[in-house]
Structure formats: structure tokens, C-alpha cells
Amino acid sequence: MIDDIRETKECQLKDPMDLFHSGQVVKICAPMVRYSKLAFRTLVRKYSCDLCYTPMIVAADFVRSAKARDSEFTTNKGDHPLIVQFAAKEAQVLCDAARIICPFADGIDLNCGCPQRWAMSEGYGACLINKPELVKDMVKHVRRQIDNPKFSVSIKIRIHEDLKRTVDLCQKAEAAGVSWITVHGRSIEERHQPVHYDAIKIIKQSMSIPIVANGDIKSLKDAENVHHLTEADGVMVARGLLANPAMFAGYEETPFQCIQDWVDIALEHGTPFTCFHHHLMYMMERITSKQEKKVFNVLSSTSAVLDYLNDHYGL
């Protein structure tokens, strides 16, 4: 896939920092395992999403294996600005991954927030918030080795119980040249507890680079409220966009046109059935009855799904 876009890349790349200088809150689609792939990114960009992330990619596998590169990363000329998120624990491995991706994406993001056990046991994700010197070193290395000044290097973190440690981490990353920081306002242990928006505000007030707020944003109104509570420069949304890919355009629930757009885009991209179907299950969660869900959620082929949508919604 990388070869397919090589010819068109030069005029397509964008400077993501331009978004943060626009004076508007930057609306961002989060990195989501299995879900924030090219077809879904194409959909949310139609509905006022400013910036999209890929799902997290393990940098070591990406560098080592052409098969991993082909399966983990696809893009096209309309898929910009685009941030590729990597899991890494060694500076040179992250640099090597960034160098491969640099001609085809607008920046990389280092995952310092994933709390899953497998990631942390491998030295990836949220355990990095306890290794500020390593994070600083990784950012510095990428900054030195990528000679495109518009290529962004960001990090996505969770917060510590002791917020001073989080502020220290952020300030070290800023000194190393990080472009912006996304803060998920929960600690490693917290899952469904309320998000600490007050902590995000304190971090924002301690920094001079853009800060993005993440956590429990389910509508455009939520996004505006979180912006006012935290003074963040951007908002990043995961599950809210899965449930309603048109939320950034102000829709309270997924409009039928968005469902139609997803069908068209997914078929055009050859999206695997399971992914195609799961996205529809998320999008239709609020607009279908329990009985309808029982039928729709067990459909087992693209043609069955298309027939259902046609029979019930005229799509």
C-alpha cells in the first residue's frame, strides 16, 4: 500500500500544528485498536474531524516485518493530516519506524497511555509515564533524525496519582521538542471512574505547547464543555465517535446519511466483514430497538447486512 501512494505524497502532507494555530478547538479521532483504520478515518473526516490517528502499531514489529507494515498501515492521498501512533520502548526503534512512515504521514505519536496488561508487561504504553527520561530520550532522537521540521512528534499519556509527576513528565517532553501532548484524564488503575478534567487544566496551565483533552467525550456539546473546563487546545474522542461518527458535525445521533456513507466507503475499501458489521452495530446502537439489535447483531454476511439496511431503512 505504501508503494501505491508514493507518487502522490509530496503535495498531500500537511503540518498538523497549523490546526492548533487556527484558533479553533482541534477535533481529533483517537487511536483505536481495530477501529481507527483508513475506511473509518475517511468517514469521520467527512463529518468535521480535523485530525486522525491510526490504531497503535508496535514499532519493533513494524520495522522488522514488511508483512506487519502492509497489514498495519494503509493510507491514501485524502487521509491527511494523519498521525501514526507507535508503541515503543527504545529510541532507535522508534526513530526507524518514524523514518519509514515519514513520507506518508504528518507525524508520529508515542503511546504512553495504554493500560492493558500485555502492553505494560512488554514495557510499552502507560508504564512509560514512570520513565520520563526514556520518553524525553525517544522524543529527542526522533527530532534529531527526522529532518522535516513540519513532521510532528507527540505523546499520549495518562496521569499519575501525584500530579506533580505528570507535570514533570510533560515539561521534560516539551524540553525534548514534543509538538503537543494528549492527556487521558485518568490514572493507570482507573477505567470507568470520572475523568479528572481539573488535572488536565493544571497540566495545560503548566505548559506552553498545545494540550489535547481525552476521556468520556460523547457529543459536540461534551467537547465544548471539556474545552471550557480544561482550556485544552484540542479534544480527542474514541467511543463517542464509534457510536456517532458525525458527532463533530453537531449530530446528536448517527444520521442515516452517515450510515449510508459508511456502507459506501467500507465497500469501496474492501473492509473485512467483521469490522464493517461492528462499526454498524456501534452506529445503530441508539437508533435501534432491542428486538432489532437481536436480529441485526447476528447477521453473518455483507449481503445479509445490506438486505437488512435496505428492507428496514431504505438504504
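Residues numbered from 1 in each chain as written. Predicted model: local features only at pLDDT ≥ 70, side-chain atom pairs only at ≥ 80, totals over all residues. Heavy atoms only, no water.

**Describing helix 4 (residues 38–46)**
So, step 1. With seven of its nine residues buried, helix 4 lies for the most part within the structure.
So, step 2. Those residues of helix 4 lying buried are Leu-38, Ala-39, Phe-40, Arg-41, Leu-43, Val-44 and Arg-45.
So, step 3. Taken together, the buried residues of helix 4 touch strand 1 (26–29), strand 2 (51–53), strand 4 (82–87), helix 13 (239–243), helix 14 (256–269) and helix 15 (273–283).
So, step 4. Phi turns positive, to about 70°, at Ser-48, one or two residues after helix 4. (Buried < 20%, exposed > 50% of the residue type's maximum accessible area, 1.4 Å probe, protein only. Helix = DSSP H or I, 4+ residues; strand = E, 2+ residues; numbered from the N terminus. Contact = heavy atoms within 4.5 Å.)

**Quick notes on the nonpolar core**
One broad trend across soluble globular proteins is that nonpolar side chains are buried collectively.
So, step 1. By size, the foremost hydrophobic cluster in this structure holds 89 residues, and its most contacted members are Phe-86, Ile-155 and Ile-181.
So, step 2. Summarising the domain contributions, this core has at least three residues from each of domain 1 (16–249) and domain 2 (256–313).
So, step 3. Leave out the neighbours within four places in its chain, and Ile-181 touches Ile-155, Ile-157, Cys-170, Ala-173, Met-207, Ile-209, Pro-210, Ile-211 and Val-212.
So, step 4. Val-26, Ile-28, Ala-30 and Leu-51 belong to the second largest nonpolar core, which has eleven residues in total. (Core = buried A, V, L, I, M, F, W, Y, C linked by side-chain atoms within 4.5 Å. Domains from an automatic or database assignment.)

**Some points on the UniProt feature "binding site: FMN" (unreviewed entry) in the protein**
So, step 1. Taking the numbering used here, the UniProt-annotated feature "binding site: FMN" (unreviewed entry) corresponds to Pro-31, Met-32, Val-33, Gln-85, His-184, Ala-238 and Arg-239. Those annotated residues from the list above that line the largest pocket are Pro-31, Met-32, Val-33, Gln-85, His-184, Ala-238 and Arg-239.
So, step 2. Here Val-33 lies in the loop between strand 1 and helix 4.
So, step 3. Topologically, Arg-239 is positioned in helix 13.
So, step 4. Beyond its immediate sequence surroundings of up to four residues, Arg-239 is in contact with Met-32 and Asp-216. (UniProt positions renumbered as here; feature names shortened; annotations may be inferred. 1 Å grid on protein atoms, 1.4 Å probe; cavity = no way out; pocket = protein on both sides within 12 Å on 5 of 7 lines; lining within 4 Å.)

**Some details on the domain arrangement of the protein**
So, step 1. Here the domain parsing of the protein yields domain 1 (16–249) and domain 2 (256–313).
So, step 2. The interface of domain 1 with domain 2 comprises 15 residues on the first partner and 13 residues on the second.
So, step 3. Taken together, the two surfaces of domain 1 and domain 2 that pack against each other cover about 1300 Å², and 66% of this comes from carbon and sulfur.
So, step 4. Looking at the side of domain 1 facing domain 2, the largest losses of area belong to Tyr-35, Ala-39 and Leu-43, adding up to 36% of the total buried there.
So, step 5. Counting across the interface, domain 1 meets domain 2 through zero salt bridges.
So, step 6. On inspection of domain 1 and its partner domain 2, the count reaches four residue pairs in polar contact (both at pLDDT 80 or more).
So, step 7. If one sorts the elements of the side of domain 1 that touches domain 2 by residue count, helix 4 sits on top with six residues. (Buried area = accessible area lost by both parts, 1.4 Å probe. Salt bridge = Lys/Arg side-chain N within 4 Å of Asp/Glu carboxyl O. Polar contact = N/O pair within 3.5 Å; in protein donor to acceptor, adjacent residues only side chain to side chain.)

**Structural notes on the layout of surface pockets**
So, step 1. In this structure, the largest pocket occupies an estimated 1100 Å³ of space.
So, step 2. Lining the largest pocket we find 39 residues, and of these Pro-31, Met-32, Val-33, Gln-116 and Ala-238 sit closest to its centre.
So, step 3. At the level of elements, strand 6 (152–158), strand 9 (234–237), helix 13 and helix 15 are the ones that each hand at least two residues to the lining of the largest pocket.
So, step 4. Per element, the largest residue contribution to the lining of the largest pocket is four residues, and it comes from helix 15. (Points joined across faces, edges and corners; volume = space filled by probe spheres on them.)

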